[in-house]
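Observations on the three-dimensional arrangement
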Amino acid sequence: MIRSVLTVSSGTLASRLLGFARDALTAALLGAGPVADAFLMAFQLINVIRRMLGEGALNAALVPTWMRLRDGSGPAAAAVFAGAALGTVSAALIALSVIAAVAMPLLMRLLAPGFVGSESLQLAVTNARLMLPYLAFAGPAAVMIGLMNARHRFAIPAFAPLTFNIALILVAAVLLLSHRDSHFAALAMAATVGAAGLLQLAALAAPVRRDNLASPLRVSFDGGMRDFARKAIPGMIANSGPQLLIVAGAIVASASPSAVAWLYFANRLIELPLGMVGVAVGTVLVPELSRALARNDTAALANAESRGLELAAGLALPAALGLVVLSEPIVRVLFEHGAFTAADTKATALALGNLALGLPAYVLLKTLSPAFFARGNTMIPLLATLKGIAVAIVLAVIFGRMFGIGGIAAAVALGAWSNAASLARSTAATFGFSMDAEARRRLPRIVLAALLMGGTLWLAVQLLPTMAGAHTILQAARLAILIAFGIAVYGICLLSFRVIDWRSMRTALMRSGDLRP
């Protein structure tokens, strides 16, 4: 499983790094004013739906059903189900796009009440309408990703999303070089979103068609498809908890100028470790747990859950502490260019430091949820997600008035912990968590290693010259040194505490599953 996780994580890392380049160009183009707020609110709406469908979310219902049909009735029956799922999801997303386009003014008033009475409202409506064609491509792409993941083909699904960011980067670079105004740039970027979705779909279609994984293609509303929808929709909402929590924060933030942009750019930095760890572990865990449950193999079940929790904790905790300690230099190096000012850096760094406190909760959700999804239970994760969103909105209203953008970000983090706590309680009450002896030995040592890394990194930040006002290259070099230092300290701690050793890592990589594209 470790090698599969590394493959998905590598693709997600590449996508996130390209996403940073995209966001850095967006920040330089639009800054953090009304135009940026409008564009980013519209983009977040599309992005949430994209995350619901993609990045392993649809695996929650698709993979267990497809594997059960393949093993019980044969590959032909599984292909018939996949063809119906592909056709039905595609038709549903086209209809949803049309309805959303008509209702967008009302929808945007609900999502961004602070925009009402300002130019940002109409800008957000126009941007969102231009982005909506993406949804028609996101549906079939998500089904194709789920089918390939079910067959342990992780490479193409992991790297196909790169096309989305590459298209947006190229358009943003052209806009910057041509010195277009922010209004035109926002509209051009919004229109590119739909075309980028088509490119991503094209990258996935060939292997699915070659292996005849979904045939015949049809729209169906029979009992099997209705059962699939009943499981898929709650699962997709539950699996998108982190993105929905940010939308909840943005609803409150829309009342303050530039706050939507600050929150968005801060959250983009949270999504790098979340994508690498949470999405990767969640994507690989669903098939692993489904196979273990089908065989009633308690040892395999305990091993999958334990290794998933170790990987999640081992990568999420140091990432969270690193983002807290290095929040301001990271934001300055990545985003403080063009229209994005030093004041925007301060506000975004404050939001980032508070959002990072919720990162372990996000990853814990990605680790716990597959245990429910593999058993066909998507309602418990959905209810936990809705509770977390409610907590985030209530606290954001209170903390936002008291502490501004920092308070809203803290409320989002607390909403994530509420979600994780609810799901952990439900896990213990429903079927327990199969943690083996190795996980119980390693987890406390992982926590201690992360804390030592965080404290040592904080001291290094205080001792190393700040280089405030220096050239971006020098600031980036300082940041790279600090990050490398933190990684080295953490690795030494893990080795010293005997959490990892080189021989076992090589063995795990050599014995992992097939990763054919």
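Residues numbered from 1 in each chain as written. Predicted model: local features only at pLDDT ≥ 70, side-chain atom pairs only at ≥ 80, totals over all residues. Heavy atoms only, no water.

Observations concerning the overall build of the chain
On a plain count of helices and strands, the chain comes out with 21 helices and zero strands. Looking at the 517 residues of the chain, the share that counts as buried comes to 56%. Here the contacts in the chain between residues at least 6 apart in sequence split such that 86% fall between residues at least 24 apart. Within the structure as shown, the chain displays about 20400 Å² of accessible surface, and the carbon and sulfur contribution to it stands at 70%. (Helix = DSSP H or I, 4+ residues; strand = E, 2+ residues; numbered from the N terminus. Buried < 20%, exposed > 50% of the residue type's maximum accessible area, 1.4 Å probe, protein only. Contact = heavy atoms within 4.5 Å. Areas by Shrake-Rupley, 256 points an atom, 1.4 Å probe, with all protein chains shown as cover.)

Section: the layout of surface pockets
If you add up the space inside the second largest pocket, you get close to 920 Å³. Together, 38 residues line the second largest pocket, and Met 52, Leu 93, Leu 96, Ile 233 and Met 236 are the ones closest to its centre. When contributions to the lining of the second largest pocket are tallied by element, the ones reaching two or more residues are α2 (34-53), α4 (75-111), α10 (223-239), α11 (241-253) and α17 (379-403). Among the elements that take part in the lining of the second largest pocket, α4 stands out by supplying 12 residues, more than any other. For the lining of the second largest pocket, the per-class residue count stands at 34 nonpolar, three polar and one charged. (1 Å grid on protein atoms, 1.4 Å probe; cavity = no way out; pocket = protein on both sides within 12 Å on 5 of 7 lines; lining within 4 Å. Points joined across faces, edges and corners; volume = space filled by probe spheres on them. Nonpolar A, V, L, I, M, F, W, Y, C, P; charged D, E, K, R; others polar.)

Examining the nonpolar core
Across soluble globular proteins, nonpolar side chains show a tendency to be buried alongside one another. By size, the foremost hydrophobic cluster in this structure holds 153 residues, and its most contacted members are Phe 39 and Met 108. With 14 residues, α2 is the single largest residue contributor to this core. Aside from chain neighbours lying at most four places away, what touches Phe 39 is Thr 26, Leu 30, Asn 127, Met 131, Ala 186, Met 189 and Ala 190. (Core = buried A, V, L, I, M, F, W, Y, C linked by side-chain atoms within 4.5 Å.)

Here we look at the packing of α2 against α11
It is at 10 Å that the axes of α2 and α11 come closest, and there the two elements cross at 160°. With respect to α11, the element α2 is oriented roughly antiparallel. α11 is crossed by α2, and the crossing has left-handed handedness. Taken together, the residues of α11 that come into contact with α2 (itself represented by Met 41, Gln 44, Val 48, Arg 51 and Met 52) are Gln 243, Leu 244, Ile 246, Val 247 and Ala 250. (Axes fitted to C-alpha atoms, helices over the stretch in contact; angles between N-to-C directions. Parallel < 35°, antiparallel > 145°, perpendicular 65-115°, else oblique. Left-handed = near helix turned anticlockwise from the far one by under 90°.)

Focus: the packing of aromatic side chains
To describe a pair of aromatic rings, one takes the distance between the centres and the angle between the planes. Under the criterion given, the structure shown has nine aromatic pairs. When the ring of Tyr 134 is compared with that of Phe 164, the centres are 5.3 Å apart and the planes differ by 70°; the resulting orientation is edge-to-face. Here Tyr 134, found in helix α6 (residues 133-150), pairs with Phe 164, found in helix α8 (residues 162-177); they are 30 residues apart in sequence, far enough to count as distant. Using a relative accessible area of 2% as the deciding quantity, one classes Tyr 134 as buried. Where Phe 335 meets Phe 340, the ring centres are 6.0 Å apart and the plane angle is 50°; that geometry is what we call tilted. For Phe 335, a relative accessible area of 0% gives the class buried. With relative accessibility at 2%, the residue Phe 340 sits in the buried group. Stacked on the ring of Phe 184, the Lys or Arg Arg 180 has its end atom at 3.9 Å from the ring centre. (Phe/Tyr/Trp six-rings, centres within 6.5 Å; stacked < 30°, edge-to-face > 60°. Lys NZ or Arg CZ within 6 Å of the ring centre and 35° of its normal.)

Focus on the confidence of the model for the chain
When pLDDT is averaged across the chain, the result is 83; 88% of the residues are at 70 or more. Within the model, the stretch residues 511-517 combines pLDDT values under 50 with 17 contacts to residues more than four positions away or in other chains. (pLDDT = per-residue confidence, 0-100.)

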